[in-house]
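Spelled out from the first residue to the last, the chains are:
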Amino acid sequence: MGKDESIIDLVRLSKLGNAHAFAKLYELVYQDLYRSALYSLGNVADAENAVSDTVLDAYAGITKLRDERAFRSWIFRILTNKVNRILREYVARRQNQMNSTIEDMSETVANPDNAMKSAEDKTLIQSAFTVLTDEEKQIVTMTVYGEYDSGEIAESMNLNRNTVRSKYSRALTKMRNFLSSGGEMYGQQR
């Protein structure tokens, strides 16, 4: 019996409720799941959580798997969804941090003349970020704050590496155009 046939048999047994068979399947894919999550997230704890959540969902939903030969791709699809959820949380956290940093910077301006300009600049920067689509915001945030490269972002967002680069470039151009026009793009005015 070959490796593929052995996996198919384990999947069939798992679908019938055999926890021992599922544990063997888990042993076969754990290292690859963990490496993928760690590479995408760059954080051991988050990678472990993503893998744990993936395994729990896979165990609960294995009866829904139609093609036993597709087990590996099916469980990796579950992992990708978990990783993307965590990355969205990273992005939201970074955006909140960025907004806090902008607010802190404007509060430290002591000169009343500069305070007005600083508040305007803060509003402009926040507005420039709003002209981006959610996908563009995620790419810019992951690149600038998460320091991910285009390959890592492409993998986590299920995009082509070149697509990520061009979307990043277009997003920066949108923001630059918005800022250079004084915030009068896309129906917004300063």
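Details of the structure are given in the entry above.
So, a few notes on the structure that sits alongside this text. From a predicted model like this one, the values you see are computed outputs, not experimental measurements. (Residues numbered from 1 in each chain as written. Predicted model: local features only at pLDDT ≥ 70, side-chain atom pairs only at ≥ 80, totals over all residues. Heavy atoms only, no water.)

1. What to know about the overall build of the protein
Here's step 1: Helix and strand counts for the protein stand at eight helices and zero strands.
Here's step 2: In the protein, which comprises 190 residues, the proportion classed as buried is 37%.
Here's step 3: Long-range pairs, those at least 24 residues apart, make up 61% of the contacts in the protein between residues at least 6 apart in sequence.
Here's step 4: When the accessible surface of the protein is split by element, carbon and sulfur atoms take 49% of a total near 11300 Å². (Helix = DSSP H or I, 4+ residues; strand = E, 2+ residues; numbered from the N terminus. Buried < 20%, exposed > 50% of the residue type's maximum accessible area, 1.4 Å probe, protein only. Contact = heavy atoms within 4.5 Å. Areas by Shrake-Rupley, 256 points an atom, 1.4 Å probe, with all protein chains shown as cover.)

2. Focus on the packing of aromatic side chains
Here's step 1: Taken as a whole and judged by the stated rule, the model has four aromatic pairs.
Here's step 2: Centroid distance F22 to Y59: 5.0 Å. Interplanar angle 65°. Geometry classified as edge-to-face. With F22 in helix 2 (residues 19-41) and Y59 in helix 3 (residues 44-61), this pair connects stretches of sequence that are 37 residues apart.
Here's step 3: For F22, a relative accessible area of 6% corresponds to the buried category.
Here's step 4: By way of ring pairs, the aromatic residues Y26, Y30 and Y34 are connected into one cluster. (Phe/Tyr/Trp six-rings, centres within 6.5 Å; stacked < 30°, edge-to-face > 60°.)

3. A few points about the environment of E155
Here's step 1: Residue placement: E155 occurs in helix 7 (residues 150-157).
Here's step 2: A C-alpha to C-alpha distance of 7.4 Å links E155 and S40, two positions 115 residues apart in sequence.
Here's step 3: When near neighbours in sequence (up to four residues on either side) are disregarded, E155 contacts S36, Y39 and S40.

4. Focus on the pattern of salt bridges
Here's step 1: In the structure shown here, the tally under the stated rule is 10 salt bridges.
Here's step 2: Of the charged contacts in the structure, one is a salt bridge between R72 and D32, with a shortest N-O distance of 2.6 Å. Taken together, the residues R72 in helix 4 (residues 71-107) and D32 in helix 2 connect sequence positions 40 residues apart.
Here's step 3: Salt bridges here are not isolated pairs; linked through shared partners, they connect D32, R35 and R72. (Salt bridge = Lys/Arg side-chain N within 4 Å of Asp/Glu carboxyl O.)

5. Points about the nonpolar core
Here's step 1: One finds L25, F71, W74, I75 and L79 to be the most contacted residues of the largest nonpolar core, which totals 36 residues.
Here's step 2: Elements that contribute at least two residues to this core include exactly helix 1 (3-15), helix 2, helix 3, helix 4, helix 6 (134-144) and helix 7.
Here's step 3: The greatest single-element share of this core, amounting to 11 residues, is contributed by helix 4.
Here's step 4: Excluding residues that lie within four positions of it along the chain, L25 makes contacts with I7, L10, V11, S14, I62 and F71.
Here's step 5: Counting eight residues, the second-largest nonpolar core is a separate cluster that includes F129, V131, A171 and M175. (Core = buried A, V, L, I, M, F, W, Y, C linked by side-chain atoms within 4.5 Å.)

6. Considerations on helix 3
Here's step 1: In this model helix 3 runs 26 Å from its N-terminal to its C-terminal C-alpha over 18 residues, within 8% of the 26 Å that 1.5 Å per residue would give.
Here's step 2: Those residues of helix 3 that sit buried are D46, A47, A50, V51, T54, V55, A58 and G61.
Here's step 3: Measuring from the side-chain oxygen of the N-cap residue of helix 3 to the backbone nitrogen of A45 gives 2.9 Å; that N-cap residue is N43. (Expected span 1.5 Å × (residues − 1). Polar contact = N/O pair within 3.5 Å; in protein donor to acceptor, adjacent residues only side chain to side chain.)

7. Some thoughts on unusual backbone geometry
Here's step 1: Even without being glycine, N158 reaches a positive phi, approximately 55°.
Here's step 2: Examined against the element boundaries, N158 turns out to sit in the loop between helix 7 and helix 8 (161-180).

8. Considering the packing of helix 2 against helix 3
Here's step 1: The contact between helix 2 and helix 3 brings their axes to 9 Å, and the two run at 145°. Classified by chirality, the crossing of helix 3 by helix 2 is right-handed. Facing helix 2, whose interface residues are A19, F22, Y26, Y30, L33, Y34, A37, L38 and L41, helix 3 presents V44, D46, A47, E48, A50, V51, V55, A58 and Y59.
Here's step 2: For the contact of helix 2 with helix 3, a count of residues per class yields 16 nonpolar, no polar and two charged. (Axes fitted to C-alpha atoms, helices over the stretch in contact; angles between N-to-C directions. Left-handed = near helix turned anticlockwise from the far one by under 90°. Nonpolar A, V, L, I, M, F, W, Y, C, P; charged D, E, K, R; others polar.)

9. A few points about helix 2
Here's step 1: With 23 residues, helix 2 extends just 29 Å between its outermost C-alpha atoms, more than 12% less than the 33 Å of an ideal straight helix rising 1.5 Å per residue.
Here's step 2: Of all the bends in helix 2, the greatest, near 50°, is centred on V29.
Here's step 3: The complete set of buried residues in helix 2 reads A21, F22, L25, V29, L33, Y34, A37, S40 and L41.
Here's step 4: For helix 2, the N-terminal capping position is held by N18, with its side-chain oxygen 3.0 Å away from the main-chain nitrogen of H20.
Here's step 5: G42 lies just past helix 2 and shows a positive phi near 70°. (Bend = angle between axes of the 7 residues up to and from the residue.)

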